[in-house]
Amino acid sequence: MAGMTAIEASSSAIMERLLWAVDELEIELPSWGFVNTGTRFKVWKQPGTPRTVEEKMDDAATVHRYTGIARTVAVHIPWDKVDDYGVLLDYMRSKGLGIGAVNINTFQDDEYMLGSICHPSAEIRAKALDALIECCDIARLTNAPAVKVWLGDGTNYPGQDDLRWRRNRLVEGLQAGYEHLPEQARMYLEYKIFEPSIYSTDVQDWGQALAVCNRVGERAVVCVDTGHHSLGVNIEQIVALLLAEGKLGSFDLNDKKYGDDDLMVGSIDPYQMFRITHELINAMRDDGDPGAQRCANETVYMLDQCHNIEPKVPAIIRSVMNLQELFAKALLVDREALVAAQARGDVLEASNLLWSAFFTDVRGPLGELRQQRGLPADPFHSYRQSGEDEARTAARVGGQAASW
Ligand code: RM4
Ligand code: MN
């Protein structure tokens, strides 16, 4: 392959390079991606929406059955609270699923109006800490790999609260929660530029998340939600920096046009997502930086999307495929040639190497590889034609659909 561009490579050489995207890549699904969602203007109800945690898992299992790479499901507490987590885990395993991150929710209770972990009142902070400890306990019971913290905390007006003291409470609260983290688990800290807080958000960007993680502990790592930046931010560079620090933990993947729009990953700007997958694959291949290599190998890829107007199961299958294709394209980047072009200052050839990998159509070879593994070549169309979506809707009449 050396010296050859992706375009010239024979299809068998391409297949060889794509194996990782079919055999190693894993994409975590969010249980909340299957429920009814909308905007603050309206939640749209879709037929066939899961009514129970088990039905959310059934849908996730369908996505896995069609794509073969969606092996774990992240849960959100209290939305996915059950009496017996052992029973839930058994149910998931019977469907070929494993548990992913346990997500904390301290943004919907009335008492959290002014924040949770950063709230000015010690009483509310204690309640938020209890919620975090509960997630740690669930992670222990289910042997989950992570507890994920995203906080809606922040302020709406200058002067509303002391920004520095809120920061101190944040560090203190997470440190206290970290003590309860089971040994096998990591803590993902997710940042978001704004919303629901408008003027200041307590974990507003990667710098803050990284600094806080460094204060909290070795297993506290940053979660990058691709929708949580302002427009024009160089997200792939943030990814590179976090890999260099060994502090990238996970992704919440989606695409956006204006804000935290939670659209299907790669649907608006696939080249941006490709630039991110390139940074990850590049680090995985970089024997000269073992710290970043290890970090990239341990990074978890979760979808965090809202399918407001499109049918959810096929949309999630589509999203898994989008991501798989964008990783596949990154696998086609000729790293040796890239490193050489960079070293001789060949700006145009270096940029061309990314460009031609991105424009290589990987759908055919990926389809072939899927088929060799007993999967449909085109999971999206196979699902649409299977009649399963209609059967799912027919079987789920009545009851209370799970909803945002
Ligand atoms: C937030 C954030 C979190 C997710 C919630 C539901 O915007 O992205 O990851 O848990 O939404
Ligand atoms: Mn997220």
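Residues numbered from 1 in each chain as written. Chains lettered and ligands numbered in written order. Predicted model: local features only at pLDDT ≥ 70, side-chain atom pairs only at ≥ 80, totals over all residues. Heavy atoms only, no water.

Even after reading the chapter, I still don't get the overall build of the protein, so can you show me in this structure?
If you tally the helices and strands in the protein, you get 15 helices and 10 strands. In terms of C-alpha radius of gyration, the protein reaches 21 Å, essentially the compact-globule figure of 22 Å for 404 residues. For the C-alpha atoms alone, the extent of the protein along its principal axes is close to 65 × 55 × 40 Å. Counting across all 404 residues of the protein, residues that qualify as buried make up 53%. (Helix = DSSP H or I, 4+ residues; strand = E, 2+ residues; numbered from the N terminus. Rg over C-alpha atoms; globule rule 2.2 N^0.38 Å. Buried < 20%, exposed > 50% of the residue type's maximum accessible area, 1.4 Å probe, protein only.)

Hey, could you run me through the packing of helix 5 (residues 163-178) against helix 6 (residues 206-216) in this one?
Axes are the key here: two packed helices are described by the angle between their axes and the distance separating the axes. It is the contact of helix 5 with helix 6, at a shortest axis distance of 9 Å, that shows an interaxial angle of 45°. The angle between helix 5 and helix 6 places the two elements in the oblique class. For the element pair helix 5 and helix 6, the recorded crossing hand is right-handed. Counted together, R167, L170, V171, L174, Q175 and Y178 of helix 5 and Q208, A211, V212, R215 and V216 of helix 6 form the full contact between these two elements. Of the residues assigned to the contact of helix 5 with helix 6, the class counts are 7 nonpolar, 2 polar and 2 charged. (Axes fitted to C-alpha atoms, helices over the stretch in contact; angles between N-to-C directions. Parallel < 35°, antiparallel > 145°, perpendicular 65-115°, else oblique. Left-handed = near helix turned anticlockwise from the far one by under 90°. Contact = heavy atoms within 4.5 Å. Nonpolar A, V, L, I, M, F, W, Y, C, P; charged D, E, K, R; others polar.)

Can you help me understand helix 2 (residues 53-67) in this one?
Working note: α-helix, 3.6 residues per turn, so residues spaced by three or four point in the same direction. The terminal C-alpha atoms of helix 2 lie 21 Å apart, and with 15 residues this matches the ideal 21 Å at 1.5 Å per residue to within 8%. Most of helix 2 sits out of view: 13 of its 15 residues are buried. Phi for G68, located one or two positions after helix 2, is positive at around 75°. (Expected span 1.5 Å × (residues − 1).)

What is the right way to look at the pairing of strand 9 (residues 248-253) in this model?
Successive residues of a regular strand alternate their side chains across the two faces of the sheet. Burial runs high along strand 9: 6 of the 6 residues are buried. Across 4 bridges, the pairing between strand 8 (residues 220-225) and strand 9 is parallel. By the bridge assignment for strand 9, C223 is matched with S250. Crossover handedness for the path strand 8 to helix 7 (residues 235-244) to strand 9: right-handed. Both strand 9 and strand 10 (residues 300-303) contribute to a ladder of 4 bridges, which runs parallel. Residue pairing across strands places S250 opposite V300, the latter belonging to strand 10. (Pairing = 2+ DSSP bridges. Right-handed = clockwise from strand over helix to strand, strands pointing away.)

I would appreciate a short explanation of the environment of S250 in the present structure.
Turning to its location among the elements, S250 is positioned in strand 9. C-alpha of S250 to C-alpha of Q305: the two residues are 55 residues apart in sequence and 15 Å apart in space.

Help me out: how do you make sense of the sheet that holds strand 6 (residues 186-190) in this one?
Taking strand neighbours around the barrel as the criterion, the 8 strands line up as 1-2-3-4-6-8-9-10 in a closed arrangement whose pairing is parallel. Adjacent strand axes in the sheet meet at a mean angle of 30°, parallel and antiparallel pairs treated alike. Sheet analysis places strand 1 (residues 27-30) next to strand 10, joined by 2 bridges and oriented parallel. Residue pairing in the sheet places I27 in a bridge with Y301 of strand 10.

Quick question: what am I supposed to make of the side chain of T62 here?
Locating T62 in the fold gives a position in helix 2. Here T62 falls in the buried class, since its relative accessible area comes to 10%. Apart from the residues within four sequence positions on either side, T62 is in contact with V313, Y383 and E388.

Would you mind going over the pattern of salt bridges with me for this structure?
Two side chains carrying opposite charge are able to pair once their charged atoms lie near each other. If you walk through the whole model with that rule in mind, you get 27 salt bridges. A salt bridge links D137 to R140; the nearest nitrogen and oxygen atoms lie 3.2 Å apart. Of the two residues, D137 and R140 are both situated in helix 4 (residues 122-142); the distance of 3 residues between them amounts to about one turn of the helix. Taking the relative accessible area as the measure of exposure, D137 reaches 34% and is therefore partly exposed. Among the ionic pairs, K192 bridges to D260, the shortest N-O distance being 2.9 Å. Of the two residues, K192 is situated in the loop between strand 6 and strand 7 (200-201) and D260 in the loop between strand 9 and helix 8 (270-284); the sequence distance between them amounts to 68 residues. Since its relative accessible area comes to 7%, K192 is described here as buried. (Salt bridge = Lys/Arg side-chain N within 4 Å of Asp/Glu carboxyl O.)

What's the story with the packing of aromatic side chains in this structure? I'm lost.
Both the distance between ring centres and the angle between the ring planes are used here to describe each pair of aromatic rings. A full pass over the atoms with the stated rule returns 14 aromatic pairs. Ring geometry for W79 against F107: centres 6.2 Å apart, planes inclined by 80°, an arrangement best described as edge-to-face. Taken together, the residues W79 in the loop between strand 2 (72-77) and helix 3 (85-94) and F107 in the loop between strand 3 (98-104) and helix 4 connect sequence positions 28 residues apart. Using a relative accessible area of 23% as the deciding quantity, one classes F107 as partly exposed. Considering the side-chain rings of Y301 and F327, the 4.9 Å spacing of their centres and the 65° angle between planes classify their relative orientation as edge-to-face. Within this pair, whereas Y301 is found in strand 10, its partner F327 is found in helix 10 (residues 312-331), the two being separated by 26 residues in sequence. F327 shares its class with Y301; the two are buried. Three or more aromatic residues joined by ring pairs form one cluster here, namely Y271, F274, W355, F358 and F359. Over the ring of W44 we find K42, and its NZ or CZ is 5.3 Å from the ring centre. Between the NZ or CZ atom of R318 and the centre of the ring of F380, over which it lies, the distance is 5.6 Å. (Phe/Tyr/Trp six-rings, centres within 6.5 Å; stacked < 30°, edge-to-face > 60°. Lys NZ or Arg CZ within 6 Å of the ring centre and 35° of its normal.)

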